[in-house]
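# Topology and contacts: notes
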Amino acid sequence: MSDNPSRSDGSPPTGDRLVVLAVDDERPALDELCYLLDGQDSIERVHAARDATTALRVLRAHSIDAVFLDINMPGLDGLELAGIFTEFAAPPAVVFVTAHDDRAVAAFDLGAVDYLLKPIRVARLTESVQRIVAQRSRTAQEPTRATENTESIPVELGGMTTIVPRSSIGWVEAEGDYTRLHTANGSHIVRIPISSLETRWADAGFVRVHRSYLVSLPLVTGIRSQGTGYVVVVRANGSSPEAQLPVSRRHVKQLKDRLIRDPMQKWSGR
C-alpha cells in the first residue's frame, strides 16, 4: 500500500481540508488508521505507506499537510523518519500513533503536534486533527511567529498523554531529573531536565532565576527584595494567583537587565 487515496471521487483537495499520510508497517493497524482518518470532516484525502521509504516517496509526489506516524517500524523508525521531516523547507505536521507511552519526550523534541496511544479513540484523533487545523490557521496569519506560538510539550495526565502549550507555562521547577511545569490549569511532571528546557526555551523568553526555577518573562509581574535576597513574582497565565520564587544572587543582575534595563533602553531609544 504505497499511495492509496481513500477518497474515490477524484476531486482535488479543497480549501482548509487536509491531505494526510498514514504510516504503519502493520497492515491491519494501517487500514484502521486510514479508515478513522477518512471519517474526519477536516480531512480531504488519506495516503498510506508501510515503511519510511514509501512514505518519503509519497511526500515527494504529493503536498502532505500532516503525517500520522507509528514509531516502531523496521528500517527507519518513526522518530528517525520525523527527524528527516525537520529538514524539509515546509515540513508536515506530525502526530505519533503508537502503542508505547515512553517515547513522548523524544516526540516533543521533534516538535510533534500530538502523541496518540493505541488503540486509537475517535475523540482523541479528532482533537489531533483540530490541533493541526488550528496550527495551519495560526501559521497563515502569523508566519514569522508560528514556531514560537505553537510549541508544546506532551505530559501524562490521568493515564492519557495531553499536549500543554508552552505559552500557558508560567514557570518550571526542577525535581531531580524531572521538571514540574506550572500552568494556569495546574502542574505537570515531565521527564526532562530543567537545563534542557532552559536551552530550548531561551529564545521564547524563559530565564533561569535559581538552580530550581525557570520563569517565563512575559508572565513575570515584578521583582522585589525580601530579607537579604530577591524574589520574582510570576503568574501561571497572567491572571492566576501570584507565586513568589527565590532568585539566586548570581541571577539577580541578569533578571533585572531583562525585566527593567532592556525595556527602558528600548523606550529611551538607546
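Residue numbers run consecutively from 1 along every chain, following the written order of its sequence. Reporting of local features is limited, given that this is a predicted model, to residues whose pLDDT is at least 70; pairs of side-chain atoms are given and counted only at 80 or more, and all residues count toward the totals for whole chains, interfaces and linings. Hydrogens are left out, water is left out, and the side-chain values use all remaining heavy atoms of the structure.

If you check an unreviewed UniProt entry, the chain appears there as LytR/AlgR family response regulator transcription factor from Antrihabitans spumae.

### Focus on the overall build of the chain
Working definition: helices are DSSP H or I runs of at least four residues, strands are E runs of at least two. Numbering for both runs from the N terminus. Looking only at helices and strands, one finds 8 helices and 15 strands in the chain. Whether a residue is buried, partly exposed or exposed follows from its accessible area with a 1.4 Å probe, protein chains only, as a fraction of its type maximum: under 20%, in between, or over 50%, in that order. When burial is assessed residue by residue, the chain has 44% of its 270 residues classed as buried. Whether two residues are in contact is decided by their heavy atoms, any of which lying within 4.5 Å being enough. Here the contacts in the chain between residues at least 6 apart in sequence split such that 54% fall between residues at least 24 apart. Computed by Shrake-Rupley with a 1.4 Å probe, the accessible areas treat only the displayed protein chains as cover when residues are assessed. With the model as given, the accessible surface of the chain reaches about 14200 Å², and the carbon-plus-sulfur share is 49%.

### Some thoughts on the packing of helix 2 (residues 52-61) against helix 3 (residues 78-85)
A pair of packed helices is characterised by two quantities: the angle between their axes and the separation of those axes. It is the contact of helix 2 with helix 3, at a shortest axis distance of 11 Å, that shows an interaxial angle of 25 degrees. In terms of axis orientation, helix 2 runs roughly parallel to helix 3. When you trace helix 2 past helix 3, the crossing you get is right-handed. Residues A52, A55, L56 and L59 of helix 2 pack against L81, I84 and F85 of helix 3. Here the axes come from fitting lines to C-alpha atoms, over the contacting stretch only for helices, and the angles between their N-to-C directions go from 0 to 180 degrees. Orientation categories follow fixed angle ranges, with anything under 35 degrees roughly parallel, anything over 145 roughly antiparallel, 65 to 115 roughly perpendicular, and all other angles oblique. Each helix crossing is assigned a hand: it is left-handed if the near helix lies turned anticlockwise from the far helix by less than a right angle, otherwise right-handed if that turn is clockwise.

### Observations concerning the sheet that holds strand 14 (residues 229-234)
One open sheet holds the 3 strands; their spatial order is 13-14-15, and the pairing between them is antiparallel. Two strands in the sheet have a free side with no partner beyond their single neighbour: strand 13 (220-226) and strand 15 (243-247). Along the sheet, successive strands turn relative to each other by an average axial angle of 30 degrees, direction set aside. Relative to strand 14, strand 13 runs antiparallel, the two sharing 6 bridges. In this description, strands pair whenever DSSP reports at least two bridges between them.

### Here we look at the packing of aromatic side chains
Classification of ring pairs rests on two measures: the distance between centres of Phe, Tyr or Trp rings, Trp counted by its six-membered ring, which must be within 6.5 Å, and the angle between planes, read as stacked under 30 degrees, edge-to-face over 60 and tilted in between. This model, assessed by the stated rule, comprises 2 aromatic pairs. Seen from their ring centres, F85 and F88 are 5.7 Å apart, and the 50 degrees between their planes marks the pair as tilted. Classification of F88 as partly exposed rests on a relative accessible area of 29%. Centroid distance W201 to F206: 4.9 Å. Interplanar angle 50 degrees. Geometry classified as tilted.

### Description of the sheet that holds strand 5 (residues 114-117)
If you walk across this open sheet you meet the 5 strands as 2-1-3-4-5, and the pairing is parallel. Two strands close off the open sheet at either side, each with one partner strand: strand 2 (43-49) and strand 5. Within this sheet the neighbouring strands show an average axis-to-axis angle of 20 degrees, counted without direction. Across 6 bridges, the pairing between strand 1 (residues 18-23) and strand 2 is parallel. Across the sheet, the residue bridging to A22 is A48, located in strand 2. Packed on one face of the sheet, helix 1 (residues 27-38) meets strand 1, strand 2 and strand 3 (66-69) and runs near 170 degrees to strand 2.

### Details of the UniProt feature "modified residue: 4-aspartylphosphate" (unreviewed entry) in the chain
Mapped onto this numbering, the UniProt entry gives "modified residue: 4-aspartylphosphate" (unreviewed entry) at D70. Assignment of secondary structure puts D70 in the loop between strand 3 and helix 3. Contacts of D70, omitting those with residues within four sequence positions, involve V23, D24, D25, G78, V97, T98 and K118. UniProt positions are given in the numbering used here, feature names are shortened, and annotations may be inferred rather than shown by experiment.

### Concerning the confidence of the model for the chain
On a scale of 0 to 100, pLDDT captures the predictor's confidence in every residue. Mean pLDDT over the chain stands at 81; residues scoring 70 or higher make up 80%. In the predicted structure, residues 1-14 sits below a pLDDT of 50 and forms 37 contacts with residues beyond four places in sequence or in another chain. For residues 143-150, every residue scores under 50 in pLDDT, and the model assigns this stretch 6 contacts once sequence neighbours within four places are set aside.

### Looking at helix 2
Count 3.6 residues to each turn of an α-helix, and residues three or four apart come out pointing the same way. Where helix 2 is concerned, the buried positions are A52, T54, A55, L56, V58 and L59. In this structure, the buried residues of helix 2 make contact with strand 1, strand 2, strand 3 and helix 3. Any pair of N or O atoms that falls within 3.5 Å is considered a polar contact. Within protein, one atom must be able to donate a hydrogen and the other to accept it, and sequence-neighbouring residues count only if both atoms are side-chain atoms. Between the side-chain oxygen at the start of helix 2 and the backbone nitrogen of T53 there is a gap of 3.2 Å, and the oxygen is on D51.

### Focus: the environment of I120
Counting through the fold element by element, I120 comes out in the loop between strand 5 and helix 5 (122-141). Exposure remark for I120: the relative accessible area of 14% places this residue in the buried category. Sequence-wise, I120 and T98 are 22 residues apart; in three dimensions their C-alpha atoms are separated by 9.0 Å. Excluding residues that lie within four positions of it along the chain, I120 makes contacts with L33, L36, V97 and L125.

### Some details on the side chain of T179
Following the sequence through the fold, T179 ends up in strand 9 (residues 178-183). Since its relative accessible area comes to 0%, T179 is described here as buried. Here I192 takes part through its backbone oxygen, which lies 3.1 Å from a polar atom of the side chain of T179. Residues contacting T179, with those up to four places away along its chain left out, are V172, E173, A174, H188, I189, V190, I192, P193, I194 and L197.

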